[in-house]
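# Structural features, examined
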Amino acid sequence: MAHEHKDHEPVWDDAAAEWYASEYGDHISNEMTIQAIALNAGDTLLDIGCGTGTACRIASRMLTNGTVTGIDPTAAMIRIAKEQTDGSYSNVTFLEGSAEAIPFENDSFSVATAINSLHHWTDPKLGLTELRRVLKPNGRCFISDEVVDGGGCGHGDGPLSDAEAVQQFLRDNGFADVTMDIIKKDGEGIYLFKAQIA
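Computed from a predicted model, the values in this text were never measured in an experiment.

Glancing now at helix α5 (residues 124-134). Among all positions in α5, only Gly127, Leu128, Glu130, Leu131 and Val134 are buried. The buried residues of α5 occupy an angular sector of 160° when projected down its axis, which confines them to one face. Tucked into the core, α5 has its buried residues touching β3 (44-48), β6 (109-115), β7 (135-146), α6 (163-172) and β8 (175-185).

Okay, structure coming up:
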């Protein structure tokens, strides 16, 4: 399991990444999110906190004229994502990178997703600033997180464990047309937050 350091943020070493990959790598929230966001064939998609790359592989089959890029701050996760993605996914790239320091130029992507990753960001405000920077004009943003016991959003406590607060956070940080859907399948549920560059 992920080890904790003094700031209570998980340290994702190889063992923790392998454990996460086996337990949650193919979590249904990946498919639920990608199926719900109406991708266009030519979209350029960035998946922030891509983990084992499951969502990227699903999206790549829809983006027949587009590209998919997954970033994750954990080197071991990127290694696992690459190992699980064979040559048939020719439009998929994985790179080490965090929400707070996205390694791409301005206006690089038409769509960004963050699936079960927002609650792991060390600085969500900076993350949204970076997300706005790399999205093209009229770019679309989709953030999804699990519906957990008691109706909470994601894992742990804090202001972004409340779905209404996430929507307001997006509005307060440069996004417009913010909406939320609750999607359920096979006993699992996600909050899907949708927004555009303001």
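A few words now on the packing of aromatic side chains. Applying the stated criterion across every chain, the model contains 2 aromatic pairs. On the numbers, 5.0 Å between centres and 85° between planes, the contact of Phe104 with Phe109 is edge-to-face. The exposure class of Phe104 is partly exposed, given its relative accessible area of 23%. Given a relative accessible area of 4%, Phe109 falls into the buried group. Ring centres of Tyr191 and Phe193 lie 6.2 Å apart, and the angle between their planes is 20°; on these two criteria the pair is classed as stacked. Phe193 shares its class with Tyr191; the two are buried.

Turning to helix α2 (residues 28-36), its buried residues are Ile28, Ser29, Asn30, Met32, Thr33 and Ile34. Close packing links the buried residues of α2 with α3 (54-62), β6, β7, β8 and β9 (188-197).

Moving on, we get to the nonpolar core. Counting residues in hydrophobic clusters, the biggest one holds 27 residues, and the most contacted among them are Ile48, Leu131 and Phe175. In terms of residue count, the dominant contributor to this core is α6 (4 residues). When neighbours within four sequence positions are excluded, Ile48 is seen to be in contact with Ile71, Ala99, Ile102, Thr113, Ala114, Ile115, Ser117, Trp121 and Leu131. Leu45, Ala59, Val92 and Phe94 belong to the second-largest nonpolar core, a separate cluster that totals 19 residues.

Bringing the pattern of salt bridges into the picture now. On inspection of all chains with the given rule, the structure shows 5 salt bridges. In this structure, the salt-bridge partner of Lys185 is Glu31, at a minimum N-O distance of 3.8 Å. Separated by 154 residues along the polypeptide, Lys185 in strand β8 and Glu31 in helix α2 bring together distant segments of the chain. On the basis of relative accessibility, which here comes to 36%, the residue Lys185 falls in the partly exposed class. Overall, the relative accessible area of 35% leaves Glu31 in the partly exposed class. The partner of Arg79 in a salt bridge is Glu83, with the nearest N and O atoms 3.1 Å apart. Of this pair, Arg79 and Glu83 both sit in helix α4 (residues 75-83), separated by 4 residues, roughly a single helical turn. Exposure remark for Arg79: the relative accessible area of 29% places this residue in the partly exposed category.

Consecutive side chains of a regular strand alternate in pointing toward one face of the sheet and then the other. Direction of pairing for β8 relative to β9: antiparallel, over a ladder of 9 bridges. Bridging across to β9, Lys184 finds its partner in Gly189. Linking β8 to β9, which pair antiparallel, is a turn of 2 residues; within it Asp186 sits at a positive phi near 50°.

Looking now at the sheet that holds β6. Neighbouring strands of a sheet are bound in pairs by backbone hydrogen bonds; such pairs are parallel or else antiparallel. If you trace the 7 strands from one edge of the open sheet to the other, you get β5-β4-β3-β6-β7-β9-β8, paired in mixed fashion. Only two strands of the sheet have a single neighbouring strand rather than two, namely β5 (92-96) and β8. When strand polarity is set aside, the average angle formed by the axes of neighbouring strands in this sheet is 20°. In this sheet, β5 lies alongside strand β4 (residues 67-72) in parallel orientation, the contact comprising 5 bridges. Within the sheet, the bridge partner assigned to Val68 lies in β5 and is Val92. With respect to the sheet, α2 is in contact with β6, β7, β8 and β9, its orientation differing from that of β9 by roughly 40°.

Conventions we followed
- Residues numbered from 1 in each chain as written.
- Predicted model: local features only at pLDDT ≥ 70, side-chain atom pairs only at ≥ 80, totals over all residues.
- Heavy atoms only, no water.
- Buried < 20%, exposed > 50% of the residue type's maximum accessible area, 1.4 Å probe, protein only.
- Helix = DSSP H or I, 4+ residues; strand = E, 2+ residues; numbered from the N terminus.
- Arc of directions from axis to C-beta.
- Contact = heavy atoms within 4.5 Å.
- Phe/Tyr/Trp six-rings, centres within 6.5 Å; stacked < 30°, edge-to-face > 60°.
- Core = buried A, V, L, I, M, F, W, Y, C linked by side-chain atoms within 4.5 Å.
- Salt bridge = Lys/Arg side-chain N within 4 Å of Asp/Glu carboxyl O.
- Pairing = 2+ DSSP bridges.
- Axes fitted to C-alpha atoms, helices over the stretch in contact; angles between N-to-C directions.

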